[in-house]
Amino acid sequence: MNIVLFGPPGAGKGTQSALLSKHYNLHHVSTGDLLRNAMKANTSLGIEAKKFVDKGALVPDSVVTGLIKEELQKGIGVGMLLDGFPRNPSQAQALDELLNAEGKNVDQAIFLEVDKSELLNRLTGRRVCSSCGATYHVKLKPTKTEGRCDLCGEKVVQRPDDQESVISNRLEVYDQSTSPLKEYFSKQGKFVAVKGSGDPKDVFRAICSAVDSR
Ligand code: AP5
């Protein structure tokens, strides 16, 4: 089973992907995480990507496709949960081609629906662990010890692209480039919208019910 989870920045894709990949035993592919790892490691690809990520722009398809190929191959046998990829119709087409060549396809594209005011609140308050990447929120999901990760004890920080000036650009980029995926997957009969606000456990249950009734 191959599932695409998409939605605006802050919709909860990362939060839900962690739960879903475990529940359905799927290989989790997050282009955001892959790009952040490449940036942290200062690889040539990471240096190139940083120019775009820090501004809230999409990294060019050629860079992303190169980065993701290996990860997709890992997921082809077991099934995968795609988080942050595809991000526009041309990436969706590339994904379809890659899967079709292996006799597979996207089974469902789940869209997480959240109001813009809530997205802003979530993103400005989000903090992430600088070591293990665990996600927190200053008000909604604070760490037990201030500034330190509950899981590994390392420092939690704000993502550079979670500054207010960058967030507005990310939301605009989402409207222009990623939102057309709703139509792309609707035409294929694979689009499902799920309410992404409320308790994360309830959101998880709603997604599972969509997946299980497919
Ligand atoms: P990426 O890392 O994919 O960022 P994003 O899509 O902007 O999504 P986020 O990670 O910000 O949010 P999320 O939906 O995962 O929400 P989360 O679960 O963390 O991409 C970053 C950048 O990389 C892009 O801007 C682009 O430059 C580049 N990039 C990535 N993929 C690319 C591609 N394919 N092509 C080109 N460029 C690409 O939750 C957010 C917060 O809300 C957290 O604090 C969380 O605790 C909280 N929260 C979650 N769920 C709930 C809930 N139900 N109720 C209350 N709070 C909640």
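Residues numbered from 1 in each chain as written. Predicted model: local features only at pLDDT ≥ 70, side-chain atom pairs only at ≥ 80, totals over all residues. Heavy atoms only, no water.

This part is about the overall build of the protein chain. A count of helical and extended segments in the protein chain gives nine helices and eight strands. Dimensions of the protein chain, computed from the C-alpha atoms along their principal axes, are close to 50 × 40 × 30 Å. Here the protein chain holds 214 residues, and 45% of them are scored as buried. Residue pairs in contact within the protein chain that sit at least 24 positions apart in sequence constitute 69% of those at least 6 positions apart. (Helix = DSSP H or I, 4+ residues; strand = E, 2+ residues; numbered from the N terminus. Buried < 20%, exposed > 50% of the residue type's maximum accessible area, 1.4 Å probe, protein only. Contact = heavy atoms within 4.5 Å.)

Pairing between side chains of opposite charge can happen when their charged atoms approach one another. All told, the structure shown has 12 salt bridges when counted by the stated rule. Between Arg-126 and Asp-162 there is a salt bridge; the shortest N-O distance is 2.8 Å. Separated by 36 residues along the polypeptide, Arg-126 in strand β5 (residues 126–129) and Asp-162 in the loop between β7 (156–157) and α7 (164–178) bring together distant segments of the chain. A relative accessible area of 14% means that Arg-126 is categorised as buried. Asp-162 gets classed as buried once you look at its relative accessible area, which sits at 1%. In this structure, Asp-161 engages Arg-159 in a salt bridge whose closest nitrogen and oxygen atoms are separated by 3.0 Å. Of the two residues, Asp-161 and Arg-159, both sit in the buried class. Taken together, the salt bridges that share partners define one network made up of Arg-126, Arg-159, Asp-161, Asp-162 and Arg-170. (Salt bridge = Lys/Arg side-chain N within 4 Å of Asp/Glu carboxyl O.)

Look at any regular strand and the pattern is simple: side chains alternate between the two faces of the sheet. Within strand β1 (residues 2–6), five of the five residues are buried, which leaves it mostly tucked inside the rest of the structure. Judged by which residues are buried, β1 turns out to be covered on both faces: Asn-2, Val-4 and Phe-6 on one side and Ile-3 and Leu-5 on the other are all buried. Of the pairings in the sheet, the one linking β1 to strand β3 (residues 80–83) comprises four bridges and is parallel in character. Bridging across to β3, Leu-5 finds its partner in Asp-83. Across four bridges, β1 lies against strand β4 (residues 108–113) in parallel orientation. Paired with Ile-3 across the strands is Gln-108, a residue of β4. (Pairing = 2+ DSSP bridges.)

Quick look at the nonpolar core now. Membership of the largest hydrophobic core comes to 29 residues, with the highest contact counts inside it found for Val-4, Leu-72, Leu-82, Leu-95 and Phe-185. For this core, the secondary structure elements donating two or more residues are β1, α2 (31–40), α3 (44–53), α4 (61–76), β3, α5 (89–101), β4 and α8 (181–187). Considering each element in turn, this core owes the most residues, six residues, to α4. In this structure Leu-95 touches Val-4, Leu-72, Leu-82, Phe-85, Pro-86 and Val-106, once residues within four positions along its chain are discounted. (Core = buried A, V, L, I, M, F, W, Y, C linked by side-chain atoms within 4.5 Å.)

Two cysteines joined by a covalent bond between their sulfur atoms form a disulfide. Inspection of every chain in the model, using the stated rule, returns zero disulfides. Looking at Cys-149, it has no disulfide partner, and the nearest cysteine sulfur is the one in Cys-132, 3.7 Å off. (Disulfide = S-S within 2.5 Å.)

By the element assignment, Phe-111 lies in strand β4. Looking at Phe-111, the relative accessible area reads 5%, which means it is buried.

Following the criterion strictly, the structure yields five aromatic pairs and no others. Here Lys-141 stacks its cationic end above the ring of Tyr-136, 5.5 Å away from the centre of that ring. (Phe/Tyr/Trp six-rings, centres within 6.5 Å; stacked < 30°, edge-to-face > 60°. Lys NZ or Arg CZ within 6 Å of the ring centre and 35° of its normal.)

Let's shift gears to the sheet that holds strand β2 (residues 27–30). With parallel pairing, the five strands of this open sheet are ordered in space as β2-β3-β1-β4-β8. Each end of this open sheet is capped by a strand with a single partner; those strands are β2 and β8 (191–195). The average angle at which neighbouring strand axes cross in this sheet is 20 degrees, direction not considered. (Axes fitted to C-alpha atoms, helices over the stretch in contact; angles between N-to-C directions.)

Remember, this is a structural readout, not a statement about activity or role.
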